[in-house]
Amino acid sequence: MNNYLVKPDIERYCSDMTSEEPELLKELIETTNREMDYPIKLSGKQVGRTLKLLTAISQARTVLEIGMFTGYSALSMAEGLPEDGKVVCCESNPRAIEFAKRFFDRSPHGKKIEVHFGQALNTIATLKQSFDIVFIDADKRNYFNYLKATLPLVNDGGLIIIDNALWQGQVIDPQDDKDRAIDDMNRFIHESDTLENCFLSVRDGLNVVRKLSSI
Ligand SMILES: C[S@@+](CC[C@H](N)C(=O)[O-])C[C@H]1O[C@@H](n2cnc3c(N)ncnc32)[C@H](O)[C@@H]1O
């Protein structure tokens, strides 16, 4: 099974017509496929280039990532940040962290990335700073919890970007707690007076949300 909801040839065309990612990120994909279990977790070119573009055009300086895996999306967002920008990453898999750090050490943007090992909700509770972007991409049953925990940390006008917001279409007819957590979160966003969003059908769904004012 793959995460693509549109026809593979259309998906391939969109990918071909999108700016290339740096060679190091291509190598990161190949090495993840070779060395890691469940390489499908890696977001990939369409999501990665979207994240880089949104980071750059929003002139973000601080990013919080929930679910880093092998570092593809973290490096993509770091690429869109200024030299003194920062990506704070939450990750619970020590093997993924060790893998990602090998690539961060080789990237001109790696020094912008700070990794926190542990359960993301625990890490979030310790954070004192605010963020221009929060990217949610960890365990699906906690998606709504991640949104609720991070909203107070997002600067006014800042973005919350949520990957797998379509959950392979499961949100249309939720059956289990993961489906429901994502659907509940999407509905909360849609009904909120203090958030605006655009739900993009990129890959497995990318919900791009802007915080209008403090909640
Ligand atoms: C879909 S992958 C992230 C992919 C990555 N953002 C990318 O684009 O390549 C989800 C990651 O979240 C991590 N994760 C799952 N549950 C977590 C938790 N409760 N706290 C922190 N990390 C968690 C997993 O170990 C996994 O590496």
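To be clear, the structure that these remarks concern was listed above.
If you're wondering where the values come from, they're calculated on a predicted model, not measured in any experiment.

(A) Region of interest: the packing of helix α3 (residues 45–57) against helix α4 (residues 72–79). It is the contact of α3 with α4, at a shortest axis distance of 7 Å, that shows an interaxial angle of 30 degrees. The orientation of α3 relative to α4 falls into the category roughly parallel. Regarding α3 and α4, the two cross each other, and that crossing is right-handed. Between α3, through Val 47, Gly 48, Leu 51, Lys 52 and Thr 55, and α4, the contact on the second element is made entirely by Tyr 72, Ser 73, Ser 76, Met 77 and Glu 79. Here the residues of the contact of α3 with α4 sort into four nonpolar, four polar and two charged.

(B) The sheet that holds strand β4 (residues 131–136), seen in detail. Spatial ordering of the open sheet is given by β3-β2-β1-β4-β5-β7-β6, a layout of seven strands whose pairing is mixed. In this open sheet, the two edge strands, each paired with only one partner strand, are β3 (113–117) and β6 (195–200). Taken over all neighbouring pairs, the strand axes of this sheet differ in orientation by 15 degrees on average, direction set aside. In the sheet, β6 pairs with strand β7 (residues 206–211) via six bridges, with the strands oriented antiparallel. Bridged to Leu 200 within β7 is Leu 206.

(C) Local environment of helix α5 (residues 94–104). Every buried residue belonging to α5 is among Ala 96, Phe 99, Ala 100, Phe 103 and Phe 104, and all of these are buried. The arc enclosing the buried residues of α5, seen along the axis, measures out at 140 degrees, which places them on a common side. When the buried face of α5 is taken as reference, the exposed residues oriented beyond 90 degrees from it are Pro 94, Arg 95 and Glu 98. On its buried face, α5 is in contact with α2 (23–35), α4, β2 (86–91) and β3.

Analysis parameters
- Residues numbered from 1 in each chain as written.
- Predicted model: local features only at pLDDT ≥ 70, side-chain atom pairs only at ≥ 80, totals over all residues.
- Axes fitted to C-alpha atoms, helices over the stretch in contact; angles between N-to-C directions.
- Helix = DSSP H or I, 4+ residues; strand = E, 2+ residues; numbered from the N terminus.
- Parallel < 35°, antiparallel > 145°, perpendicular 65-115°, else oblique.
- Left-handed = near helix turned anticlockwise from the far one by under 90°.
- Contact = placed C-beta atoms within 7 Å.
- Nonpolar A, V, L, I, M, F, W, Y, C, P; charged D, E, K, R; others polar.
- Pairing = 2+ DSSP bridges.
- Buried ≥ 20, exposed ≤ 12 C-beta atoms within 10 Å, placed from the backbone.
- Arc of directions from axis to C-beta.

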